[in-house]
Each structure stands twice: as structure tokens, then as C-alpha cells.
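Observations on chain architecture
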Amino acid sequence: MNFLVLNGPNLNLLGVREPGTYGTVSYDALCDRLRTWAATHGSTVECVQSNHEGALIDAIHAARGKHDAIILNPGAFTHYSYAILDALKAVDVPCIEVHISNIHQREEFRHKSVTAAACVGQICGLGLYGYEAAMGYFLCSSI
């Protein structure tokens, strides 16, 4: 499978941003980890991070015909980006939403995801393993 891993705002600061919540692994190390995991499972990963909503939407649009599945951590866009929701609905590429922290144990505003409605499922609170769990699901399912 060919996976697109999309990460939204502030995830480029993994390893330095709130390490008690997001851990100490850098964004580049996360991408290396995911590429290694995918390769051992006969797959590939393209990692894209942007702090800009439109760039994430463009990447979702470009996934058509190029990627088999999307793993999306929309960051703060989770809670208000109807544009990302619409982009996910517009393409025929299945998506799983991933959050490093358990959004349901955090501030009330983080409990609601508007983007999850366009996703196969949501994984939260499993740390960086959530990305691998999402890829594993797609590898074991008949999408």
C-alpha cells in the first residue's frame, strides 16, 4: 500500500512542543519510523506536514489515484475545519484520523472532531503508535 500521512499545525514541533503531552520524538524521527514500518510491511509512506489548511487540502486532493489510504492528524483543524472534512469527502481515498494524545481527556473543545465524520475511524491516545495502528488496520482490512 501507498500511504499518505498528513500532519497539521504545530506537529512540525514534535519533540519540543509540550513533551509531556506529545513526547520527545521529533517530527523527522516520526517520519523515519513510519517509512521503516511501512517498508517492513511492503508499503510506502509519504509524510506531509503543514501549518496551512489549504496545503493540507491540496495534499488530500492530490492523493486521488496516488495513495491507497490517508492517515491524518489534523491538529487543531480537527475541531473546526469543515474545509478539510469536505476535501476528505470529495476524494475516494479512505482515511483514519490519528491523535497522539487522548483528545477526550483534554480540554472540552478538543473532544469534538468535525473531520472524523469523513474517516473510517479515529485513533487517539496511543502516542506515535497510533500512526502504525492506522496503517496496520488498512493493511489487514479490505478497504
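Structural notes, computed from the coordinates.

The rules we used
Residues numbered from 1 in each chain as written. Predicted model: local features only at pLDDT ≥ 70, side-chain atom pairs only at ≥ 80, totals over all residues. Heavy atoms only, no water. Pairing = 2+ DSSP bridges. Helix = DSSP H or I, 4+ residues; strand = E, 2+ residues; numbered from the N terminus. Axes fitted to C-alpha atoms, helices over the stretch in contact; angles between N-to-C directions. Contact = heavy atoms within 4.5 Å. Buried < 20%, exposed > 50% of the residue type's maximum accessible area, 1.4 Å probe, protein only. Polar contact = N/O pair within 3.5 Å; in protein donor to acceptor, adjacent residues only side chain to side chain. Core = buried A, V, L, I, M, F, W, Y, C linked by side-chain atoms within 4.5 Å. Parallel < 35°, antiparallel > 145°, perpendicular 65-115°, else oblique. Left-handed = near helix turned anticlockwise from the far one by under 90°.

Below, the discussion takes up the sheet that holds strand β1 (residues 2-7). A sheet is described by the order of its strands in space; here five strands give the open sequence β2-β1-β3-β4-β5, paired in parallel fashion. With partners counted over all chains shown, the strands left at the sheet margins are β2 (44-49) and β5 (121-124), one partner each. Strand after strand, the sheet turns through a mean of 20° between neighbouring axes, direction not considered. Across three bridges, strand β3 (residues 69-73) lies against strand β4 (residues 95-99) in parallel orientation. Along β4, the bridge assignment pairs Leu-72 with Glu-97. Along the sheet, helix α2 (residues 27-40) contacts β1 and β2; its crossing angle with β2, the most-contacted strand, is approximately 160°. Helix-sheet contacts for helix α3 (residues 53-62) involve β1, β2 and β3, and the interaxial angle to β1 is about 170°.

Okay, the environment of Thr-40 next. Relative to the assigned elements, Thr-40 resides in helix α2. The class of Thr-40 is exposed, set by a relative accessible area of 61%. Among the polar contacts made by the side chain of Thr-40, one reaches the main-chain carbonyl oxygen of Trp-37 at a distance of 2.7 Å.

Moving on, we come to the nonpolar core. Among soluble globular proteins, nonpolar side chains are generally buried collectively. Residues Val-45, Ile-71, Tyr-131 and Met-135 are the most contacted members of the largest nonpolar core, which totals 25 residues. Listed by contribution, the elements that provide at least two residues to this core are β1, α2, β2, β3, β4 and α5 (129-140). When sequence neighbours within four positions are dropped, the list of residues in contact with Val-45 reads Phe-3, Val-5, Leu-34, Arg-35, Ala-38 and Met-135.

This brings us to the packing of α2 against α5. A pair of packed helices is characterised by two quantities: the angle between their axes and the separation of those axes. Remark: α2 packs on α5, axes separated minimally by 10 Å, with the N-to-C direction vectors making an angle of 25°. Taken together, the axes of α2 and α5 lie roughly parallel to each other. Considering how the two elements wind past one another, α2 and α5 form a crossing that is right-handed. Residues Leu-30, Arg-33, Leu-34, Trp-37 and Ala-38 of α2 form the contact with α5, whose own contacting residues are Tyr-129, Tyr-131, Glu-132, Met-135, Gly-136 and Leu-139.

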